[in-house]
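Each chain, written out:
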Amino acid sequence: MELQLDYAAVRAAADRIAGAVRPVTVAPGAEGVWYALEHLQHTGSFKARGARNFLAAHHAAGTLPAAGVTIASGGNAGLACAWAARAQSVPATVFLPANAPRVKVERLRGYGAEVRLVGDRYAEALAACEEFAAASGALSSHAYDHPLIAAGAGTLLDEIRAALPGLDTVVVAVGGGGLFAGVATAAREHGVRVIAAEPENCRALNAALAAGRPVDVAVNSVASDSLGATRASADAVAAAQEGNVRSVLVPDEAITAARRALWEEHRIVVEAGAATALAALRGAPEPLGVRVAVILCGANTDPGDLAASGGLAAPGA
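What counts and how
Residues numbered from 1 in each chain as written. Predicted model: local features only at pLDDT ≥ 70, side-chain atom pairs only at ≥ 80, totals over all residues. Heavy atoms only, no water. Helix = DSSP H or I, 4+ residues; strand = E, 2+ residues; numbered from the N terminus. Rg over C-alpha atoms; globule rule 2.2 N^0.38 Å. Buried < 20%, exposed > 50% of the residue type's maximum accessible area, 1.4 Å probe, protein only. Contact = heavy atoms within 4.5 Å. Salt bridge = Lys/Arg side-chain N within 4 Å of Asp/Glu carboxyl O. Axes fitted to C-alpha atoms, helices over the stretch in contact; angles between N-to-C directions. Left-handed = near helix turned anticlockwise from the far one by under 90°. Nonpolar A, V, L, I, M, F, W, Y, C, P; charged D, E, K, R; others polar. Core = buried A, V, L, I, M, F, W, Y, C linked by side-chain atoms within 4.5 Å. pLDDT = per-residue confidence, 0-100. Pairing = 2+ DSSP bridges. Expected span 1.5 Å × (residues − 1).

Within the protein chain, the secondary structure is distributed over 13 helices and ten strands. In summary, the protein chain has a C-alpha radius of gyration of 18 Å against a globular reference of 20 Å for 317 residues, a match within 12%. In terms of overall dimensions, the protein chain has a C-alpha envelope of 50 × 45 × 40 Å along the principal axes. In the protein chain, buried positions account for 56% of the 317 residues. Here the contacts in the protein chain between residues at least 6 apart in sequence split such that 71% fall between residues at least 24 apart.

If you want it as structure tokens, here you go:
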């Protein structure tokens, strides 16, 4: 079982999850820009890739217990874990902050997971999850900080390259860094530049780069339900320090505007975390590349938010 995040781990993950996940669709957006529509993935986000790889690897190694798997998640990773556990016919117990979006909680239960709501921060849900794993013997997964999770997410990059020959730049939203770490690991293999986009007030990776190591940050953003990790993973920080990576911060207003623009211009509905990647592109003072892919990583959101912000017409309008 791979415990190191490198390109070999990403390729091994691609073999494990082949046929179990939806290959990403890449669609033209603007001149020189394409959208990687990963929000169309099973469970509504890229997290399905890492969860499937994580459980498939443990199943193959004989380390998947009858007690199943447990995870603390703001929502998307929990959905993916529950979906992957159902495929392996093992139980999933998911811990979330009590303020997690209702749509995510309802979908978790729809996948058959037991949902436990604890506190109002990811760290509190994580502590409760760790206690449960120790008491029950369930396999403890993580929303982003595990080589198997990141390697599964990294399979996205090679699919984008196959669909978009000549890709030179990929823009990815960063929370705790699982998607970024996997994508950056694969991108480095092929000389593809990575733009790591974060909200100004959810800047775990940016702060880690400034400090030279993972550090805790405060979280307060319209995208905090999916990007609100208080600390970036060590793998993400290492990948960002390897070179050919640029860290970009964007204000909440730009994220909201990008999300609205995706609806108004393309009829694409994504969560604020996914729109963060597009916000970084829209706010760039010069083109980021010649052939740029923007990863739209998740769609587990309430479309009513668009109506509230003036971007979605009322029925019959």
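In this section: the environment of isoleucine 195. Of note, isoleucine 195 is situated in strand β8 (residues 193–199). Measuring from C-alpha to C-alpha, the distance between isoleucine 195 and glycine 137 comes to 39 Å, with 58 residues separating the pair along the chain. The contact partners of isoleucine 195, leaving out residues within four places of it in the chain, are Thr169, Val170, Val171, Val172, Arg246, Val248 and Leu288.

As enumerated under the stated definition, the model contains eight salt bridges in all. With its nearest N and O atoms 2.7 Å apart, the salt bridge here joins glutamate 38 to arginine 49. Taken together, the residues span a long stretch of sequence, with glutamate 38 in the loop between β2 (33–36) and α2 (47–61) and arginine 49 in helix α2 at a distance of eleven residues. For glutamate 38, a relative accessible area of 1% translates into the label buried.

This paragraph deals with the packing of helix α7 (residues 178–190) against helix α10 (residues 234–241). Where α7 contacts α10, the two axes come as close as 8 Å, and the packing angle between them is 35°. In this structure, α7 crosses over α10, and the sense of that crossing is left-handed. Residue-level contacts link Phe180, Ala181, Ala184 and Arg188 of α7 to Asp235, Ala236, Ala239 and Ala240 of α10. Considered class by class, the residues forming the contact of α7 with α10 number six nonpolar, no polar and two charged.

The subject of this paragraph is the nonpolar core. One finds Tyr35, Ile160, Leu179, Phe180, Leu205, Val294 and Ile295 to be the most contacted residues of the largest nonpolar core, which totals 74 residues. With eight residues, the single largest contributor to this core is helix α12 (residues 272–282). Those residues in contact with valine 294 that sit more than four places away from it in its chain are Val33, Trp34, Tyr35, Ala36, Val171, Ala277, Leu278 and Leu281. Ranked by size, the runner-up nonpolar core spans 42 residues in total, among them Ala51, Leu64, Ala80 and Val115.

What follows covers the confidence of the model for the protein chain. For the protein chain, per-residue confidence averages 92 on the pLDDT scale, and 96% of positions sit at 70 or higher. Counted against residues more than four places away or in other chains, residues 310–317, with its pLDDT under 50, gives ten contacts.

What links the strands of a sheet is backbone hydrogen bonding, and the strands pair in either a parallel or an antiparallel sense. Here we have six strands laid out as an open sheet, ordered β1-β2-β10-β7-β8-β9, and mixed in their pairing. The open sheet has two edge strands with one neighbour each: β1 (26–30) and β9 (245–250). Between one strand axis and the next, the sheet turns through 25° on average, direction left out of account. Pairing geometry for β1 and β2, over four bridges, is antiparallel. What sits directly across from proline 28, in β2, is tryptophan 34.

Time to look at the sheet that holds strand β3 (residues 69–72). Across the sheet, four strands lie side by side as β5-β4-β3-β6; this open sheet has parallel pairing. Each end of this open sheet is capped by a strand with a single partner; those strands are β5 (114–117) and β6 (139–140). In this sheet, β6 lies alongside β3 in parallel orientation, the contact comprising two bridges. Bridge pairing in β6 links valine 69 to leucine 139. Sitting on the sheet, helix α4 (residues 102–110) touches β4 (92–96) and β5, and the angle it makes with β5 is about 150°.

What follows concerns α2. Counted at 1.5 Å a residue, the expected span for α2 with its 15 residues is 21 Å, and the 21 Å between its end C-alpha atoms agrees. What α2 keeps buried is the set Lys47, Ala48, Arg49, Gly50, Ala51, Asn53, Phe54, Leu55, Ala56, Ala57 and His58. Check the buried side of α2 and you find it contacts α1 (7–17), β3, α3 (76–88), β6 and α6 (147–163). A positive backbone phi angle near 75° is found at glycine 62, which sits one or two residues after α2.

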